[in-house]
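Inside the fold
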Amino acid sequence: QVHLVESGGGLVQPGGSLRLSCAASGSFFAITTAGWYRQAPGKQRELVASITGGDVPHYADSVLGRFTISRDDAQNTVYLQMNSLKPEDTAVYSCAANILTGAYESSNYWGQGTQVTVSS
């Protein structure tokens, strides 16, 4: 069984920063591709950032230049550094990862989400 647990959310003022963490635990070989999604009230879930197994990042236009996704494979953790936060970044942020559970087997897993609120 594999679990993803996010942490690092909270309340921050506009212009502030937060770093989200997504730690994978359980029995598996490796995290391949991982991503951070967010969903604001009344809006559809959107992909904020993703990172491949080769460390190639991709960002939504709305966060490009402000957010940075990274990974620490030794810690089985994926991070999202969020700078210059805006009120419109307020949402529940969830991580998702494709995890290699066998020699030729992988599955997608989701964390439970963490609330990020940007407000003065």
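Cut-off values and rules
Residues numbered from 1 in each chain as written. Predicted model: local features only at pLDDT ≥ 70, side-chain atom pairs only at ≥ 80, totals over all residues. Heavy atoms only, no water. Pairing = 2+ DSSP bridges. Helix = DSSP H or I, 4+ residues; strand = E, 2+ residues; numbered from the N terminus. Salt bridge = Lys/Arg side-chain N within 4 Å of Asp/Glu carboxyl O. Buried < 20%, exposed > 50% of the residue type's maximum accessible area, 1.4 Å probe, protein only.

A regular strand places its side chains on the two faces of the sheet in alternate fashion. The pairing of strand E9 (residues 91–100) with strand E10 (residues 106–110) spans 5 bridges and is classified as antiparallel. Paired with Asn98 across the two strands is Asn108, which belongs to E10. The antiparallel hairpin formed by E9 and E10 contains 5 residues in its connecting segment.

Time to look at the pattern of salt bridges. Pairing of side chains with opposite charge becomes possible as their charged atoms draw close. Per the stated rule, a full pass over the model turns up 4 salt bridges. A salt bridge links Asp89 to Arg38; the nearest nitrogen and oxygen atoms lie 2.9 Å apart. Here Arg38 lies in strand E4 (residues 30–39) and Asp89 lies in the loop between strand E8 (77–82) and E9, a separation of 51 residues in the sequence. For the pair Asp89 and Arg38, a shared accessibility class is recorded, and that class is buried. Each of Arg38, Glu46, Arg66 and Asp89 takes part in salt bridges that share partners, so that together they form one network.

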